[in-house]
Amino acid sequence: MGELQGKGSGPERGQHGDVAREGAKRRVHVEVRGIVQGVGFRPYVFQLAGRHGLDGWVRNKPDGVEMEVCGVTDRVEAFLRDLPDLAPPLARIVRVEVAELPYVSLGPFAIGKSCADEARSTLIAPDTCICRDCLRELFDPKDRRYRYPFINCTNCGPRYTIIQDIPYDRDKTTMARFAMCPSCAGEYGDPLDRRFHAQPNACWECGPQVWLETPGGKTVAKRDEAIREAVRVLERGAILAVKGLGGFHLAVLATSEEAVSRLRSRKIREEKPFAVMFAGVEAVRRICFLDESEETLLTGIERPIVLLRQRREVFDAPIAPSVAPRNRYLGAFLPYAPLHFLLFDGSSYDALVMTSGNQSDEPIVMSNEDARDRLRGIADLWLLHDRDIYMRCDDSVTRVLDGKPRPIRRARGYVPVPVFLKEPMRPVLGVGAELKNTVCLIRRDEAFISQHVGDLENLETLHSFEHAIRHLERILEVKPECVAHDLHPDYLNTQWALARNDLPRVAVQHHHAHIASVVAERRISGPVLGLALDGTGYGTDGTIWGGEILRVEEDRFERLGHFRQVPLPGGNRAIREPWRVALSYLWCMDPANAAGTFADVVERWPADKAKIVLQMLEKRINAPLTSSCGRLFDAVSALAGLRHSVNYEGQAAIEFEQVLEPSEESYSGILAKSGGMWVLDPFPMVGEAVRDVRGGASAGYVSARFHNGLVSLLVDAVLKVRAETGLDRVALSGGVFQNAYLTGRLEKMLGREGFNVYSHMEVPPNDACISLGQAAVGAWRLARGA
């Protein structure tokens, strides 16, 4: 759980000869770093010292917790052994340092006041699920917090979303305005109580309150009756805006097709799947397959959304078809806040759509005022409370692959736990990518990656981006020495970085950042080969990259290979209309007569638009070149008849994977050297797909042959590059690696060929990892004085 380090200059058991004798006394100073504030660590130490009969004291300090203990030597040793092993559930110990001191009696063990200091190095706990003790009290009619929707203790509840500054004390949280009643104050001040210094501690008498409100601002019900009435309106099919831990959810019956369709229409979210909150594990199991690893992830204290494969008979089950249209997987999660459990208590339903409370493309709403304004016209009623949210934080999204959790969106439950780096680095701020934006701030050997910010395509999200940066800089008390940003000049965050004239700026190529993020996360030393496969990234040659083989060594990279380039007619419009990319591939295969050679395929698309696109390709008008692997998926999906236009990013590729019918058959690509670089040519694969489609093959058959052929082509390419470079370590990153079939098959085949394969385990492979890679590249560049 942590490493024990001795700082004393004498023998391990002290500097005095009598230490070795039974009954000898010992005094030590102990410093603990990690997530040890706001998680009940000091009362834990107090009680542990009491069990071992030791004297001394413990207190918070800005970089963790420190203590002195003294007593009989063997009892001190037992205390030090137990200290990391029996720690509270939310604690995460990174380091324990022990220094021997001359023995003096310290008096009865006591908990001291927090000390102020210049350096701020403590780690803040993320928001976590209600613990079993609080859940038991929540439904105990004899408990004074019976059905209180904000019940918590040091082992659970809000942390990151309410903290404004550190040390983590109540006056530095959004709970500051709630004065504790005598009963709560007694718990808060009692070292033997599990609510000792639980900063959000409150009850019905002194804490935040909940109420139900109409769009016109009329209060329908207050306190517990508001929750009971919320259950009744949900049962009737209403759309309810629910204020949660890190923002608002929009809740509606997951079993009502009419209600879910109404939510889609109002939220302007045509087909992107909704997450479903289930009452419990058994309710999940009725709808989805659930193995042991998935259940562990689903029921963990982080309570992420977990992508689970729906049962075949799900189409006869009560979940509304429009919850996750054309998708074999369902984003399932369990209640985590007390209010969620109360919304299921006594209800006639066991599944609610719980989607982010926002309009499409906007950040999640977190204040009552914004909810009344921005969710007007979407929600029928608002379930509000008066505990402010300081930092918005969406639900995290994960899946299990090869028995291990793989993050897709890292937010609530995981942020702000840092990624621990191989060695201390200079403080650098990485401002991330345009899509799936996060920001990253390095503090010594810790990389703090923000929660999911969103797509930086509007002013509201930019403001959220700026707030995340200010918050990290304040709570970490770190001023970056430089800002690392993407090469693309038009991104809002690139422009923000370039306008920050007080700091040096470092431009980092998008796919270099992808692979650098794997290197940083997995603590790799020396050069690696990187496969960076995604949709779009601005290349150093001015073209759009997205299917790259790189050699990466810290802040330097070399492009060794890429997918054969094709024009992207209409630029970003081709991303929204995959048929354009498909037509580009067909045109490249027969530039002189694509319309004639592939007439039966082209006729499926709008004739007037297809004609214009062909002219754009012939005249090279608004048709930048791309090597994107993501666009290749789009093209074959369109050719297979699955998706000619998309309503959300990656939809064509996602649905193409969903229809896959397992098979070992595969298409064949061509690998050739051109201009000193390996070129992966998928054109023969596209041609075979066209022939299969013409022959009446199913989309699932085409999908299997394409996926298998693509994996074989990638393995062949990496083998060629290994023969030239001698490198046998491969890092995988990019949004394409959210494809579970491709990732799992590629990892296995590379492993069989003797490669050491490194994939993301702590941060998502999509553009959410870019900020980490940027920050690492910037820090490496500073380290060598570049």
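Up top is the structure these notes are about.
Parameters and conventions
- Residues numbered from 1 in each chain as written.
- Predicted model: local features only at pLDDT ≥ 70, side-chain atom pairs only at ≥ 80, totals over all residues.
- Heavy atoms only, no water.
- Helix = DSSP H or I, 4+ residues; strand = E, 2+ residues; numbered from the N terminus.
- Rg over C-alpha atoms; globule rule 2.2 N^0.38 Å.
- Buried < 20%, exposed > 50% of the residue type's maximum accessible area, 1.4 Å probe, protein only.
- Contact = heavy atoms within 4.5 Å.
- Areas by Shrake-Rupley, 256 points an atom, 1.4 Å probe, with all protein chains shown as cover.
- Lys, Arg positive; Asp, Glu negative; His and termini not counted.
- Charge placed at Lys NZ, Arg CZ, Asp CG, Glu CD.
- Pairing = 2+ DSSP bridges.
- Axes fitted to C-alpha atoms, helices over the stretch in contact; angles between N-to-C directions.
- Expected span 1.5 Å × (residues − 1).
- Polar contact = N/O pair within 3.5 Å; in protein donor to acceptor, adjacent residues only side chain to side chain.
- Patch = residues over 30% accessible without salt bridge, like charges linked within 9 Å, V, L, I, M, F, W, Y side chains within 5 Å.
- Salt bridge = Lys/Arg side-chain N within 4 Å of Asp/Glu carboxyl O.
- Core = buried A, V, L, I, M, F, W, Y, C linked by side-chain atoms within 4.5 Å.
- Phe/Tyr/Trp six-rings, centres within 6.5 Å; stacked < 30°, edge-to-face > 60°.
- Disulfide = S-S within 2.5 Å.

Caption draft 1: Structural view of the overall build of the protein. Across its full length, the protein holds 24 helices and 31 strands. Taken over C-alpha atoms, the radius of gyration comes to 28 Å for the protein, in line with the 28 Å a tight globule of 786 residues would show. Looking at the protein residue by residue over its 786 residues, the buried ones come to 61%. In the protein, the proportion of contacts linking residues at least 24 apart, taken out of those at least 6 apart, comes to 72%. If you sum the accessible surface of the protein, you get close to 29,200 Å²; carbon and sulfur atoms cover 49% of it. Within the protein, one finds 99 positive and 104 negative side-chain charges whose respective centroids are separated by 1 Å.

Caption draft 2: Just the environment of isoleucine 35, in detail. Along the chain, isoleucine 35 turns up in strand β2 (residues 25-35). Apart from residues lying up to four places away in sequence, isoleucine 35 is in contact with Leu90, Ala91, Arg92, Leu123, Ile124, Ala125, Pro126 and Val417.

Caption draft 3: Quick peek at the sheet that holds strand β12 (residues 305-309). One open sheet accounts for 11 strands, arranged β8-β7-β15-β9-β10-β14-β11-β13-β12-β16-β17; its pairing is mixed. Lying at the two open borders of the sheet, with one neighbouring strand each, are β8 (219-222) and β17 (404-409). When strand polarity is set aside, the average angle formed by the axes of neighbouring strands in this sheet is 35°. As defined by bridge partners, β12 adjoins strand β13 (residues 329-333) across four bridges and the pair is classed as antiparallel. Of the residues in β13, the one forming a bridge with valine 306 is alanine 332. This element, helix α23 (residues 740-752), spans β16 (397-401) and β17 of the sheet and lies at about 40° to β16.

Caption draft 4: Layout of the sheet that holds strand β18 (residues 419-425). Pairing is mixed in the open sheet, where five strands are placed in the order β18-β20-β19-β21-β22. Two strands in the sheet have a free side with no partner beyond their single neighbour: β18 and β22 (505-508). On average, adjacent strands in this sheet sit at an angle of 30° to one another, irrespective of strand direction. Relative to strand β21 (residues 482-486), strand β19 (residues 428-430) is paired through three bridges, and the arrangement is parallel. Residue pairing across strands places glycine 430 opposite alanine 484, the latter belonging to β21.

Caption draft 5: Spotlight on helix α13 (residues 510-521). An ideal rise of 1.5 Å per residue puts 16 Å on 12 residues; α13 measures up with 17 Å between its terminal C-alpha atoms. Across the 12 residues of α13, 12 count as buried, placing the element largely inside the fold. With a side-chain oxygen lying 2.7 Å from the backbone nitrogen of histidine 511, the N-terminal cap of α13 falls on glutamine 509. Looking at the residues trailing α13, positive phi occurs at arginine 523, about 55°.

Caption draft 6: Quick look at a positive patch on the surface. Taken together, the side chains of Arg92, Lys404, Arg522 and Arg523 present a region of like positive charge at the surface. Within the element layout of this structure, arginine 523 appears in the loop between α13 and β23 (528-538). Residue classification places arginine 523 among the partly exposed positions, given a relative accessible area of 42%.

Caption draft 7: Structural view of the environment of proline 167. Looking at where proline 167 falls in the secondary structure, it is placed in the loop between α3 (132-138) and α4 (182-188). For proline 167, a relative accessible area of 18% gives the class buried. Sequence separation between proline 167 and leucine 123 is 44 residues; the distance between their C-alpha atoms is 9.9 Å. Leaving out residues up to four positions away in the same chain, proline 167 has contacts with Gln37 and Lys172.

Caption draft 8: Focus on the nonpolar core. If you look at the biggest cluster of nonpolar residues, it comprises 106 residues, and the most contacted ones within it are Phe41, Met67, Phe79, Leu83 and Leu383. With seven residues, helix α11 (residues 459-476) is the single largest residue contributor to this core. Not counting the four nearest positions on each side in its chain, phenylalanine 41 is found in contact with Val32, Val36, Val65, Met67, Leu83, Ala87, Pro88, Ala91 and Ile93. In this structure, Phe563, Leu586, Val636 and Ala699 belong to the second largest nonpolar core, which totals 65 residues.

Caption draft 9: How the structure looks around the packing of aromatic side chains. A complete count under the given rule lists 12 aromatic pairs for this structure. Between phenylalanine 344 and tyrosine 349, the ring centres sit 5.8 Å apart and the planes meet at 65°, which makes this aromatic pair edge-to-face. Among the residues examined, phenylalanine 344 registers a relative accessible area of 10% and is labelled buried. Ring geometry for tryptophan 545 against phenylalanine 557: centres 6.4 Å apart, planes inclined by 80°, an arrangement best described as edge-to-face. Of this pair, tryptophan 545 sits in strand β24 (residues 544-553) while phenylalanine 557 is found in strand β25 (residues 556-563), placing the two residues 12 residues apart along the sequence. What makes tryptophan 545 buried here is its relative accessible area of 1%. Judged by relative accessible area, which is 27%, phenylalanine 557 ranks as partly exposed. Aromatic rings pair up to connect Tyr148, Phe150 and Trp204 into one cluster.

Caption draft 10: Molecular detail of the state of the cysteines. Throughout the structure, instances matching the rule amount to zero disulfides. Looking at cysteine 134, it has no disulfide partner, and the nearest cysteine sulfur is the one in cysteine 131, 3.7 Å off.

Caption draft 11: How the structure looks around the pattern of salt bridges. In total, this model carries 56 salt bridges according to the counting rule given. The salt bridge partner of glutamate 225 is arginine 232, with a shortest N-O separation of 2.4 Å. Residue aspartate 502 pairs with arginine 500 through a salt bridge whose shortest N-O separation is 3.4 Å. Arginine 500 gets classed as buried once you look at its relative accessible area, which sits at 14%.

It is worth stressing that arrangement in space is one thing and function is another; only the former is reported here.
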